[in-house]
Structures are given as C-alpha cells and as structure tokens.
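This is what each chain is made of:
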Amino acid sequence: MLSKKIIDRINLQINREMFSAFLYMEMSARMSDDGYKGIGTWMMTQYHEEMFHAMKFYGYLQSQGALPSIGKIDAPEVKAKTIKEIFEATLAHEKFVSASIRELLELAIAEKDYATEDLVRWYVGEQVEEEQNAIDILQTIDLMGENKQGLFMLNIELGKRKPSIALDFTGMP
Ligand code: OFO
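Everything numeric here is computed off the predicted structure, so don't read it as measured data.

Caption draft 1: Looking closely at the nonpolar core. Judged by nonpolar contacts, the single largest core of 24 residues is most densely connected at Leu2, Ile10, Phe57 and Leu61. At the level of secondary structure, the elements contributing two or more residues to this core comprise helix H1 (4-33), helix H2 (37-63), helix H3 (83-110) and helix H4 (114-144). Here this core takes seven residues from H2, the largest share from any one element. Apart from residues lying up to four places away in sequence, phenylalanine 57 is in contact with Ile10, Gln13, Ile14, Glu17, Ile101, Leu104, Leu119, Val120 and Tyr123. The next biggest cluster of nonpolar side chains, apart from the first, holds 22 residues, and it includes Tyr24, Met43, Ile86 and Leu158.

What follows is the structure in structure tokens.
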C-alpha cells in the first residue's frame, strides 16, 4: 500500500510528464511550421515517449489501488528561436525532469517503499538516455556550425525517429 505522500508525489510527476509531452508537442508544431518537418517528427516522437512516462506512473498507481489525479497542466512556453536553442531548451528541460525523478526516488528510499523505488529506477535510466539524446544532437549542431546543408541532413535524420514504446495505453497496467 502506498503512502499519501508517495501518491501525491507520483501524481505531481504525472503532471510533469504530461507538461513535458505538451512542451514537445508545441516544439514539434514550431519546427514543422518553420519547415523543419523532420525535427517536428522527432519532437512528436518525444511527445509520445513523455505520454508513456505519464501513463506508466498512472498505471502503477492503479495497480496499487491508488487514484491517479492529473491536476492543472501549465501551458508550455517555447522561447527558443533557432534549432540549437530548441535542443538547448530540450536538454535543460530533461535536466529538470531528471532532478524531479531523483527527488521522487529519494522519497521512495526514505519511506522504504521498495516497489516504488524499483519503478522509479527505470525512469532514472530513461533520463540518462533522454539527456544523452539532446547532448548528441547539440554536439552534431556544433560540429556543423553555419553549414545549411548539414542542417538539412540533420532534419532528415531526426525525422526517422520512431517511438520506442507502445502508443496504445488502453488496459495499462
Ligand atoms: Fe523526458 O522525461 Fe519523461 O521522464
């Protein structure tokens, strides 16, 4: 049985994961509107990944007899103007999520809630991967410098990204 503190904190995390999803959906719209449809696809794939993160927590609460509660999700704000700035904002956001996941892990450990700890450790690994994705893309952008052809190729390459998770959440868990 989960404590109220853990349930509330997981619900906060669900809210943050959904905010992340909407942030990437907004970024996807911006990129596609600017003509970078491939980057738009990459961002929309990230949207799906974030919804999966939210639904994995949602399903976990249900499996433990606890009630998921979404709450009000803030409107995403995208200030980035260039592709480099978009991926810098992505990395900064993922670092924020990583810190939030670490906080949840620390709470689970403090409460000796081993089931929640086990679940949250999956997210720790996922965050390493997500930060790495943004770092790799930023490195490529730095290597290209002002090269427009490079940007064109990057746009094509990023457009090949496919979600690594199931998109149908019916029946989760
Ligand atoms: Fe992008 O992170 Fe979810 O957890």
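Next, the rest of the story.
Caption draft 2: Structural detail: H4. Helix length check: H4 (31 residues) gives 46 Å between terminal C-alpha atoms against 45 Å at 1.5 Å per residue, within 8%. Positioned one or two residues after H4, glycine 145 has a phi angle of 60 degrees, which is positive.

Caption draft 3: Layout of the layout of surface pockets. Reported here for the largest pocket is a volume of approximately 210 Å³. What lines the largest pocket is simply Tyr36, Thr82, Ile83, Lys84, Ile141, Gly145, Glu146, Asn147, Lys148 and Leu151. Elements with a contribution of two residues or more to the lining of the largest pocket: H3 and helix H5 (148-158). Here the lining of the largest pocket is built from residues that sort into four nonpolar, three polar and three charged. Here the second largest pocket defines a volume of roughly 180 Å³. What lines the second largest pocket is a set of 14 residues, among which Trp42, Glu129, Asn133, Ile137 and Arg161 lie closest to the centre. Contributions of two or more residues to the lining of the second largest pocket are made by H2, H4 and H5. Top contributing element to the lining of the second largest pocket by residue count: H4, with seven residues. Among the residues forming the lining of the second largest pocket, the class breakdown is four nonpolar, three polar and seven charged.

Caption draft 4: How the structure looks around the packing of aromatic side chains. According to the stated counting rule, one finds four aromatic pairs in the structure shown. Between tryptophan 42 and phenylalanine 87, the aromatic rings sit 5.3 Å apart at their centres with planes inclined by 75 degrees, giving edge-to-face as the arrangement. Pair noted here: tryptophan 42 is in helix H2 and phenylalanine 87 is in helix H3, with a separation of 45 residues, a long-range link. The exposure class assigned to tryptophan 42 is buried, which follows from its relative accessible area of 5%. Looking at phenylalanine 87, the relative accessible area reads 0%, which means it is buried. Aromatic ring contacts, followed pair by pair, group Phe52, Phe57, Trp122 and Tyr123 into a single cluster. In this structure, lysine 56 is placed above the aromatic ring of tryptophan 122, and the distance from its NZ or CZ to the ring centre is 4.6 Å.

Caption draft 5: A look at a nonpolar patch on the surface. Taken together, Phe152, Met153 and Ile156 make up a surface patch of nonpolar side chains, about 310 Å² in accessible area. Among the secondary structure elements, phenylalanine 152 is positioned in helix H5.

Caption draft 6: Examining the side chain of asparagine 155 more closely. By secondary structure assignment, the location of asparagine 155 is in helix H5. With a relative accessible area of 12%, asparagine 155 lands in the buried category. If we skip the residues at most four places from it in the chain, asparagine 155 touches Gly35, Tyr36, Lys37, Gly38 and Ile39.

The rules behind each value
Residues numbered from 1 in each chain as written. Predicted model: local features only at pLDDT ≥ 70, side-chain atom pairs only at ≥ 80, totals over all residues. Heavy atoms only, no water. Core = buried A, V, L, I, M, F, W, Y, C linked by side-chain atoms within 4.5 Å. Buried < 20%, exposed > 50% of the residue type's maximum accessible area, 1.4 Å probe, protein only. Helix = DSSP H or I, 4+ residues; strand = E, 2+ residues; numbered from the N terminus. Contact = heavy atoms within 4.5 Å. Expected span 1.5 Å × (residues − 1). 1 Å grid on protein atoms, 1.4 Å probe; cavity = no way out; pocket = protein on both sides within 12 Å on 5 of 7 lines; lining within 4 Å. Points joined across faces, edges and corners; volume = space filled by probe spheres on them. Nonpolar A, V, L, I, M, F, W, Y, C, P; charged D, E, K, R; others polar. Phe/Tyr/Trp six-rings, centres within 6.5 Å; stacked < 30°, edge-to-face > 60°. Lys NZ or Arg CZ within 6 Å of the ring centre and 35° of its normal. Patch = residues over 30% accessible without salt bridge, like charges linked within 9 Å, V, L, I, M, F, W, Y side chains within 5 Å. Areas by Shrake-Rupley, 256 points an atom, 1.4 Å probe, with all protein chains shown as cover. Salt bridge = Lys/Arg side-chain N within 4 Å of Asp/Glu carboxyl O.

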